[in-house]
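The chain contents come next:
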Amino acid sequence: MSKERYEMAPGTEVLVAWSGGIDSATAAELLREAGYRPRALFLDMLDAAPARERAREMAERMGIPLMIEPCHELFRREIIDYTLAEHAAGRTPAPCSRCNPRIKWRLLAETADRMGIRHIATGHYARTATLDGHVCFRRGADAAKDQSYYLWDVPEEIVSRAILPLGGYTKQAVKAGMARRYTGLPTDRESMGVCFTGDSNYEDFLRRHLPVGCLTSGEAVDWRTGAAVGRHEGYGLYTAGQKRGISPIASALNKGGKPMRVVSLDPSRNRVVVSTEEEALSRRTVWLTAWRTVVAPSMLSRYADELEIRVRGIGRNPQKGARITVEPDSRMRIDLSNDSVWAPMPGQPAVFYLNDCVVGGGILDRI
């Protein structure tokens, strides 16, 4: 990060979202090196004493003032309860995509306002850019760790205040070099996966917390014929594209040598729709609700040949050629001219990119 990138007076304060791990600590030290005076904010989303202590320890070690904001009730209501409700409804939520605008960035900006601080910073692997007079998030330099997909719903007035010191670095560089140089942290200390699952994986978390009706075994039915071809372990555990967790009936096992994948869920009949055909998982048209765009959708339509849509943070995604229409019921229709979306599910975010800049997105509603 260079001092020229962000105009400021020497010693300008910046409030840094703080976990006590490699990324936030390195971000804070890079800011200090650039002439800022970092202050740290730990959002206590899980009411976790070990995490609070780790945050305090690292802040003290680096000589950075730390504030702790209890927000576990808000996090439970807005993120955990929402996530479970979506799975119970047969949808596939993205908790991090919801948490960023509703918890992390919102509380960071509100706390900074109370402290009289303009600049806010995080350790996200993303960047900012200006596009047609609007400030947008932009993909990070490290394509494998880019987190811009999960930031699509952060309001522009917050994005305009953001500093992202790690956006131009690779995760490998932060772990192997800067973390040891600036903080002395062990390079294996970082958060992985969904934060609220604790020591268990995501599926185990769902098994412990979903209503029993979502976890009751039922039929897996063929996408074309509707005939039963296997059994599932509870529709709440599945999403499109998934192979694991389907027990095929012997006569239906591996048609043509291809595995059965989940196509969609039918909660009302406790069914999981499956297929061995690639065609079943490819969609050229999807509809979004709760959408937002940096500029008017009509303006984005002018860039249809360059506009990308990303439905999963990683994995197979269509290339350029997304055409946008807002329908009378206010849902946004996306037609893909050059490619298709692979294995989309209601509840997932669809994010628009133009020249690597996040210019909007929404929640898949109809496939």
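Above this text is the structure in question.
In this report, the structure presented in the accompanying data block is examined. Everything numeric in this text was worked out from a predicted model, so none of it was measured.

**Let's talk about the pairing of strand β2 (residues 37-44)**
With 6 of its 8 residues buried, β2 lies for the most part within the structure. Across 5 bridges, strand β1 (residues 13-17) lies against β2 in parallel orientation. Bridged to Leu15 within β2 is Arg39. Two strands pair when backbone bridges link them, and β2 and strand β3 (residues 66-70) are joined in this way by 5 bridges, in the parallel orientation. Across the sheet, the residue bridging to Phe42 is Ile68, located in β3. In this fold, β2 hands off to helix α2 (residues 49-62), which returns the chain to β3; that crossover is right-handed.

**Describing the pairing of strand β9 (residues 228-232)**
Two strands pair when backbone bridges link them, and strand β8 (residues 218-222) and β9 are joined in this way by 4 bridges, in the antiparallel orientation. Paired with Ala220 across the two strands is Gly230, which belongs to β9. Here β8 hands over to β9 after 5 residues, with Gly226 in that stretch at a positive phi of 80°. Bridge analysis of β9 against strand β10 (residues 247-248) gives 2 bridges, and the strand direction is antiparallel. Residue pairing across strands places Gly230 opposite Pro248, the latter belonging to β10.

What counts and what doesn't
Residues numbered from 1 in each chain as written. Predicted model: local features only at pLDDT ≥ 70, side-chain atom pairs only at ≥ 80, totals over all residues. Heavy atoms only, no water. Buried < 20%, exposed > 50% of the residue type's maximum accessible area, 1.4 Å probe, protein only. Helix = DSSP H or I, 4+ residues; strand = E, 2+ residues; numbered from the N terminus. Pairing = 2+ DSSP bridges. Right-handed = clockwise from strand over helix to strand, strands pointing away.

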